Number of protein chains: 2
Amino acid sequence: MVPEVSRLAYTSRSAFRRVLAPFSMPRQKAPDNPAGRLSLISRHLAPVYPINTPYTVERIPDTIDTSLLPKNQTRTLSTTTIKMSQPPHATLLIPGPIEFDDAVLQSMSHFSESHVSPSFVATFGETLSMLRKLFQSTDSSAQPFVLSGSGTLGWDLVASNLVEAGEDVLVLGTGYFSDGFADCLRVYGANVTELKAPVGTKPTLAEVEKALSEKKYKAITVTHVDTSTGVLSELKDLSALVHKVSPDTLIIVDGVCSVACEEIDFDAWGLDGVVTASQKAIGCPAGLSISFFSGRAMKAVENRKTPPASYFASMKNWTPIMKNYEAKKPSYFATPSPQLVHALHTALSQILAKPVTERFAGHKAASDKIKKAISDLGLKQIAAKPDEQAHGMTAIYLPENVKGADLLPILAKKGVVFAGGIHKEIAIKYIRFGHMGVSVLDPNRGDVDKAINALKEGLAELGYKA
Amino acid sequence: MVPEVSRLAYTSRSAFRRVLAPFSMPRQKAPDNPAGRLSLISRHLAPVYPINTPYTVERIPDTIDTSLLPKNQTRTLSTTTIKMSQPPHATLLIPGPIEFDDAVLQSMSHFSESHVSPSFVATFGETLSMLRKLFQSTDSSAQPFVLSGSGTLGWDLVASNLVEAGEDVLVLGTGYFSDGFADCLRVYGANVTELKAPVGTKPTLAEVEKALSEKKYKAITVTHVDTSTGVLSELKDLSALVHKVSPDTLIIVDGVCSVACEEIDFDAWGLDGVVTASQKAIGCPAGLSISFFSGRAMKAVENRKTPPASYFASMKNWTPIMKNYEAKKPSYFATPSPQLVHALHTALSQILAKPVTERFAGHKAASDKIKKAISDLGLKQIAAKPDEQAHGMTAIYLPENVKGADLLPILAKKGVVFAGGIHKEIAIKYIRFGHMGVSVLDPNRGDVDKAINALKEGLAELGYKA
């Protein structure tokens, strides 16, 4: 691990100089208009800017003597001995929230810190830098965002910043969640075309190519894994196609149920945005909207003809803040959640302790095992084609005479919580099994075997024979 | 305490019946349009509605056998013995986030639960009901909301739901945060008039009356305590005035730095909305936007001519969900944060263990003591008039030759973290001392005395003599 305290102490002294130096400079009145106020924030990035702005003054707590910080609640990797252990509880195997590691939950109860303290700013900054690695991105013009909110807030980020009212967006329809993204886009005035596939499949590349040739789209959205069906959308070839036939179209991915369990090679695949949430394969409790945008997407926000159509979800408001945090400079637009950010830091540290490709392979191996067991049981998946099956969840059609409302309570009594169906056309006909994070990667847990056995036994108890 | 497990088990059985009963009814395809989809959610409230909707099917995990739930991580009041204790750290006395109680932080590391499990639904429902008590409201047409987000999201709730583009809003200007509220209102198209008072004061009732007589305003906003100045705005007489001279105008309060430390008698005072955050006097870590709206405000949302101007902050999307949770029925629009909601439940349980009036009196007593100490030190407050001084924070002008950048690190070394100034006109001339929650109400902590002594010593070390 990084020698925590000494590094923070250095940050603190350097921050101390930044705070003191400009005190002799002429004060400058902050402008009254919002753009001006935000421009003050962004100028944080230039250390020569005078301090007398609401935001820069918030730097003063930088000067806290970090040697006072306790050493026994610093960030810990799972390899470190953690004293906390969770009370026994049914294993949560729904497609998010997932089971959390002890160290992640321990980070949730971090003592109270100022959102502009050097220790928290360092934690937040490192968290943003780690997201770049999760997305395998080295393009410094790309920008990570971590905001307090549900995953759904990511749709607002896209709809109110990347698209302007009246612009056309092509939504690839794979289920419940692509419908939601379309709804959100319409709220902010986008002209949405939905290219819908039958339940359990995704639009073909030929259909996408045809749609793109008929209209000029500002953006195309794809739900990487639609949590309602477990359908996986392939991103690499899709993105290549869009770049070929409609090079100006931004490629936006809803990665809520895919980030950290399905491979995403952000730069190499030429993606423009991925929005996700904390509580799925990333393995951090719910409450954070996490997103990553390309330099091209950031330019689109900058070059808007109209201001962003939301305030809390405005990327113009948040970009300078995220840049500051990553540069280990405190700044303020709205108070983040230090505890959730600590937990995300712990979760990302655990993820990045090994190559991410190993993580994706681990999820694939567990998924293959589960899919084989499902098939051996004589059951079918909503996603029929193997190359359209997600690796972090499985949506399973129930046998004809078995009802979810009978089976799920039996599974729960066996200590395994699955989810019911959610796709409106087939909701009562299937169940969903989430297999992400520690439940598949920690070999000591045995969650997958427990779940498969519970499913076999539960179905047998209801009279089903494979 | 409520006999937890048996009550939950009952909820579960009754939910089980709700799930099973409609299975024999004809399936109904959910409509494709957003309004129709949301209408499906709201129909959850009618138990006769068929189950085959995305949302109702999410009820299935209701049937988890709650006797499986562990008993050692249920909700605990501060009177219960809690084993956890926080590592030593500098006492955070900024105007939010504040110091948190052990039991609240313990709730943050609750093991993972489904957001639609009966135990979590019960916790969320009770949390919403407790908010009614915090606002001293018994009007069943009033509606509490708890969303994942920063306090700032409350501004979006107001600006995108209660006001339509082109409508006039009067913003009472008391500092940095009223400016922010005005910015947010403008983003969603409101026509904003700011009635600004000089630094350290608030607009007078006569000025408000004059402004209201000049234009018909859809809403008036007031920052109950402006965290940038510590100026307290009196609500009771203000609301009476608005009801008298402009009875159709909605009265909206930014209560981020006032809820749970300043009295708010929501029904009696005729307020229409209070928006706040979790991390200040409520004493729960940051990450939740908490708000409370009158029946009249809810009607204004219902009767909009245009749809709400945001998606994640749409009250039309969230209202049925909040009503369902409070009725202990699971439903889904976006995933809430179970851990933060558990922590809020614990914090509200602690608050409501005593009459709220005692809590307000406790904050006033501590504030009086602090203000006297400040005055005895020969220091002045930004809020000069005693009846305009907040009771949960004090903004203190520094002596002429003392700089915040020198004083704050000295205080930090003494184990007390204060905040710098934030009001743009006077930022480097003052510091802010937050005194909310356990730091003033738990007599065993001694935080207030420690802070006053540190301030005295720190000023003396910098050569200041009272």
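For clarity, every value in this text was computed on a predicted model and none was experimentally measured. The residue numbers shown here count from 1 along each chain, following its written sequence. Each chain takes a letter, starting from A, and each ligand takes a number, starting from 1, following the order in which they are written. Given that the model is predicted, a residue must reach a pLDDT of at least 70 before its local features are reported, and side-chain atom pairs must reach 80 or more before they are shown or counted; all residues, however, enter totals for whole chains, interfaces and linings. Side-chain measures were taken over the full set of non-hydrogen atoms in the model, leaving aside hydrogen atoms and water.

### Observations concerning the sheet that holds strand S2 (residues 143–148) of chain A
Residue and element names in this part refer to chain A.
Now for step 1: In space, the seven strands of this open sheet follow the order S2-S10-S9-S8-S5-S3-S4, with mixed pairing throughout. Taken across any chain shown, the strands that pair with only one partner, and hence form the sheet edges, are S2 and strand S4 (191–196). Within the sheet, the average angular offset between the axes of one strand and its neighbour, ignoring direction, is 20 degrees.
Now for step 2: This element, helix H5 (residues 118–134), spans S2 and strand S10 (288–293) of the sheet and lies at about 125 degrees to S2.
Now for step 3: Of the strands in this sheet, S2 and S10 are in contact with helix H12 (residues 315–326), which crosses S2 at around 105 degrees. If DSSP finds at least two bridges between two strands, the strands pair. Under the scheme used here, helices are H or I runs from DSSP no shorter than 4 residues and strands are E runs no shorter than 2 residues, and both carry numbers assigned from the N terminus. For helices, the fitted axis covers only the stretch in contact; all axes are lines through C-alpha atoms, and the angles between them, taken along N-to-C directions, range from 0 to 180 degrees. Here, residues are in contact when the closest pair of their heavy atoms is within 4.5 Å.

### Concerning the pattern of salt bridges
Pairing is possible between side chains that carry opposite charge, provided their charged atoms lie close to one another.
Residue and element names in this part refer to chain A.
Now for step 1: Criterion for a salt bridge: a side-chain nitrogen of Lys or Arg within 4 Å of a carboxyl oxygen of Asp or Glu. Under the definition given, this model contains 42 salt bridges over all chains.
Now for step 2: In this structure, Arg445 engages Asp447 in a salt bridge whose closest nitrogen and oxygen atoms are separated by 2.8 Å.
Now for step 3: For Arg445, a relative accessible area of 27% corresponds to the partly exposed category.
Now for step 4: Bridged by salt links that share partners, the residues Asp179, Asp183, Arg186, Glu194, Lys196 and Lys424 form one connected network. Think of it in three bands: residues with accessible area under 20% of the maximum for their type are buried, residues over 50% are exposed, and the middle band is partly exposed, with areas taken using a 1.4 Å probe on protein chains only.

### Looking at the environment of Ser117(A)
Residue and element names in this part refer to chain A.
Now for step 1: Its place among the elements puts Ser117 in the loop between helix H4 (102–108) and H5.
Now for step 2: Taking the C-alpha atoms as reference, Ser117 lies 15 Å from Thr127; in sequence the two are 10 residues apart.
Now for step 3: Think of a polar contact as two N or O atoms within 3.5 Å of one another; within protein, one of them needs to be a possible hydrogen donor and the other a possible acceptor, and neighboring residues in sequence only count if both atoms come from side chains. At 3.0 Å, the side chain of Ser117 and the backbone oxygen of Ser114 are in polar contact.

### Description of the UniProt feature "domain: Aminotransferase class V" (unreviewed entry) in chain A
Now for step 1: UniProt positions are given in the numbering used here, feature names are shortened, and annotations may be inferred rather than shown by experiment. In the numbering adopted here, UniProt assigns the feature "domain: Aminotransferase class V" (unreviewed entry) to residues 114–423 of chain A.
Now for step 2: Between the C-alpha atoms that bound residues 114–423 of chain A the distance is 43 Å, and the span itself is 42% helix and 17% strand.

### A closer look at the domain arrangement of chain A
Residues and elements named next belong to chain A.
Now for step 1: Start and end positions for the domains come from either an automated domain assignment or a database one. Domain annotation of chain A identifies domain 1 (38–69), domain 2 (103–351) and domain 3 (356–461).
Now for step 2: Between the C-alpha centres of domain 2 and domain 3 the distance comes to 27 Å.
Now for step 3: Listed as interface residues are 28 residues of domain 2 and, on the opposing side, 25 residues of domain 3.
Now for step 4: For the domain 2 and domain 3 pair, buried surface summed over both sides reaches about 2,100 Å², with 62% attributable to carbon and sulfur atoms. Here's the idea: put two parts together, see how much 1.4 Å probe accessible area each one loses, and the total over both is what we call buried area.

### Observations concerning the sheet that holds strand S9 (residues 273–277) of chain B
All names here are of chain B.
Now for step 1: Read from one edge of the open sheet, seven strands run S2-S10-S9-S8-S5-S3-S4, paired in mixed fashion. In this open sheet, the two edge strands, each paired with only one partner strand, are strand S2 (143–148) and strand S4 (191–196). For this sheet, the mean inter-axis angle between neighbouring strands, taken without regard to orientation, is 20 degrees.
Now for step 2: With six bridges connecting them, strand S3 (residues 168–173) and S4 associate as parallel partners. Paired with Val169 across the bridge in S4 is Val192.
Now for step 3: Contacts from helix H7 (residues 176–187) reach S3, S4, strand S5 (219–223) and strand S8 (250–254), with the element oriented near 165 degrees to S4.

### Some words on the packing of aromatic side chains
Now for step 1: Pairing of aromatic rings covers Phe, Tyr and Trp, the last counted by its six-membered ring, and requires centre-to-centre distances within 6.5 Å; plane angles under 30 degrees mean stacked, over 60 mean edge-to-face, and any other angle means tilted. With the rule as written, the count across this model stands at 30 aromatic pairs over all chains.
Now for step 2: Pairing Phe120(A) with Tyr325(A) gives two aromatic rings, centres 6.2 Å apart and planes at 80 degrees, and the pair type is edge-to-face. With Phe120(A) in helix H5 and Tyr325(A) in helix H12, this residue pair connects regions lying 205 residues apart in the sequence. Residue Phe120(A) shares its accessibility class with Tyr325(A), and that shared class is buried.
Now for step 3: An aromatic cluster is present here, built from Trp155(A), Phe181(A), Tyr311(B), Phe312(B), Trp318(B) and Phe333(B) joined pairwise through their rings.

### A look at the pairing of strand S8 (residues 250–254) of chain A
Residues and elements named next belong to chain A.
Now for step 1: The buried fraction of S8 is high, at five of five residues.
Now for step 2: Every second residue of S8 is oriented toward a common face, with Leu250, Ile252 and Asp254 on one face and Ile251 and Val253 on the other, all of them buried.
Now for step 3: Taken together, the five bridges between strand S5 (residues 219–223) and S8 define a ladder with parallel strand orientation. Its bridge partner being in S8, Ala219 is matched across the sheet by Leu250.
Now for step 4: With three bridges connecting them, S8 and strand S9 (residues 273–277) associate as parallel partners. Looking at the pairing, Val253 lines up with Val274 of S9.

### Observations regarding unusual backbone geometry
Now for step 1: Between Gly96(A) and the following residue, Pro97(A), the backbone shows a cis peptide bond with an omega angle of -5 degrees.
Now for step 2: Assignment of secondary structure puts Pro97(A) in the loop between strand S1 (91–92) and H4.
Now for step 3: With phi around 85 degrees, Ala260(A) is a residue other than glycine that occupies positive phi space.
Now for step 4: A residue is classified by how much of its surface remains accessible, and Ala260(A), at 2% relative accessible area, is buried.
Now for step 5: Non-glycine residue Gln136(B) carries a positive phi angle of around 55 degrees.
Now for step 6: The class of Gln136(B) is partly exposed, set by a relative accessible area of 24%.

### Some words on the nonpolar core
Now for step 1: By nonpolar core we mean a set of buried residues, namely Ala, Val, Leu, Ile, Met, Phe, Trp, Tyr and Cys, connected to one another through side-chain atoms within 4.5 Å. Of all hydrophobic cores here, the largest spans 208 residues; its most connected members are Leu162(A), Phe293(A), Leu162(B), Ile282(B) and Phe293(B).
Now for step 2: For Leu162(A), the contacting residues outside a window of four places in its chain are Leu157(A), Glu167(A), Lys218(A), Leu250(A), Ile252(A), Phe293(A), Ala297(A), Val301(A), Arg304(A) and Met315(A).

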